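This is what each chain is made of:
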Amino acid sequence: MTTMTAAQVQAQTGVVEHDPEVPERARARSYSARYKAEILAEYERLDKAGKGALLRREGLYTSLLSEWRKQRDRGALQALAKPQGRPPADPVERDNARLRRENQRLAGELDKARKVIEIQGKLSALLEQLATDSAMPAPKPTGGEQQ
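Note that the structure is predicted; figures quoted are calculated from it, not measured.

So, the environment of R72
- Here R72 is to be found in helix α4 (residues 62-81).
- What R72 contacts, discounting residues up to four positions off in sequence, is L40 and E44.

Considering the packing of helix α2 (residues 33-45) against helix α3 (residues 48-58)
- Orientation of α2 relative to α3, taken along the N-to-C sense of each, is 155 degrees, at an axis distance of 10 Å. Classified by the angle between their axes, α2 and α3 sit roughly antiparallel to one another. Of the residues in α3, those touching α2 at Y35, I39, E42 and Y43 are K51, L54, L55, R57 and E58.
- Residue composition of the contact of α2 with α3, by class: 5 nonpolar, no polar and 4 charged.

Topic: the environment of D47
- Inspection of the secondary structure puts D47 in the loop between α2 and α3.
- Here the side chain of D47 touches G50 through a polar contact of 2.9 Å, landing on its backbone nitrogen.

Details of the nonpolar core
- Formed by Y31, Y35, I39, L40, Y43, L54, L55, L60, L65 and W68, the largest nonpolar core amounts to 10 residues.
- Counting residues per element, the ones that place at least two in this core are α2, α3 and α4.
- For this core, the element with the highest residue contribution is α2, accounting for 4 residues.
- In this view, L60 contacts Y31, Y35, I39, L55, L65 and W68; residues no more than four positions away in its chain are not counted.

Details of a nonpolar patch on the surface
- On the surface, L123, L126, L127 and L130 cluster together to form a nonpolar patch covering roughly 390 Å² of accessible area.
- Tracing the chain through its elements places L123 in helix α5 (residues 91-135).
- Judged by relative accessible area, L123 falls into the partly exposed class, the value being 47%.

So, the pattern of salt bridges
- One pass over the structure, following the stated rule, counts 12 salt bridges.
- For K115, the salt bridge goes to D111, with nearest N and O atoms at 3.7 Å. Within this pair, K115 and its partner D111 are both found in helix α5, separated by 4 residues, close to a single helical turn.
- Judged by its relative accessible area of 39%, D111 falls in the partly exposed class.
- A salt bridge links K122 to E118, with the shortest nitrogen-to-oxygen separation between them at 3.4 Å. Taken together, the positions of K122 and E118, both in helix α5 and 4 residues apart, correspond to about one turn of that helix.
- For K122, a relative accessible area of 55% gives the class exposed.
- What makes E118 partly exposed here is its relative accessible area of 47%.
- Through salt bridges with shared partners, a single ionic network connects E44, R69, R72 and D73.

Calculation criteria
- Residues numbered from 1 in each chain as written.
- Predicted model: local features only at pLDDT ≥ 70, side-chain atom pairs only at ≥ 80, totals over all residues.
- Heavy atoms only, no water.
- Helix = DSSP H or I, 4+ residues; strand = E, 2+ residues; numbered from the N terminus.
- Contact = heavy atoms within 4.5 Å.
- Axes fitted to C-alpha atoms, helices over the stretch in contact; angles between N-to-C directions.
- Parallel < 35°, antiparallel > 145°, perpendicular 65-115°, else oblique.
- Nonpolar A, V, L, I, M, F, W, Y, C, P; charged D, E, K, R; others polar.
- Polar contact = N/O pair within 3.5 Å; in protein donor to acceptor, adjacent residues only side chain to side chain.
- Core = buried A, V, L, I, M, F, W, Y, C linked by side-chain atoms within 4.5 Å.
- Buried < 20%, exposed > 50% of the residue type's maximum accessible area, 1.4 Å probe, protein only.
- Patch = residues over 30% accessible without salt bridge, like charges linked within 9 Å, V, L, I, M, F, W, Y side chains within 5 Å.
- Areas by Shrake-Rupley, 256 points an atom, 1.4 Å probe, with all protein chains shown as cover.
- Salt bridge = Lys/Arg side-chain N within 4 Å of Asp/Glu carboxyl O.

By themselves these figures say nothing about function.
Take a look at the structure:
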């Protein structure tokens, strides 16, 4: 009885057998920013023997920590380079805000003016009615009334 290797089986059948325990290609590990910062802080506190133990325990390499340190330092410099305080206002946006406020103020004044005109119209109609009522002669008393 002959035993064939996986490569021989693949060559004859065209079927690739995969070992479920071994991935075809190792995935790159990714680390959170918090994890990186914690590991760097811990690494920098330790002595040489402790540093080696930390690297073995976490499965890390010194080159990876060096890269993390560079990332941290670049991030700190970028954070320090950011301008502090309120960002300068865009002149167009500032002008738009001013125009919106002015538009609201003018709309309020227009509403007031419309109400005043409406009231003046009603008052004018009332005064006109009173004037026509007073211009009419008073009815003459009839004979049954005493003077």
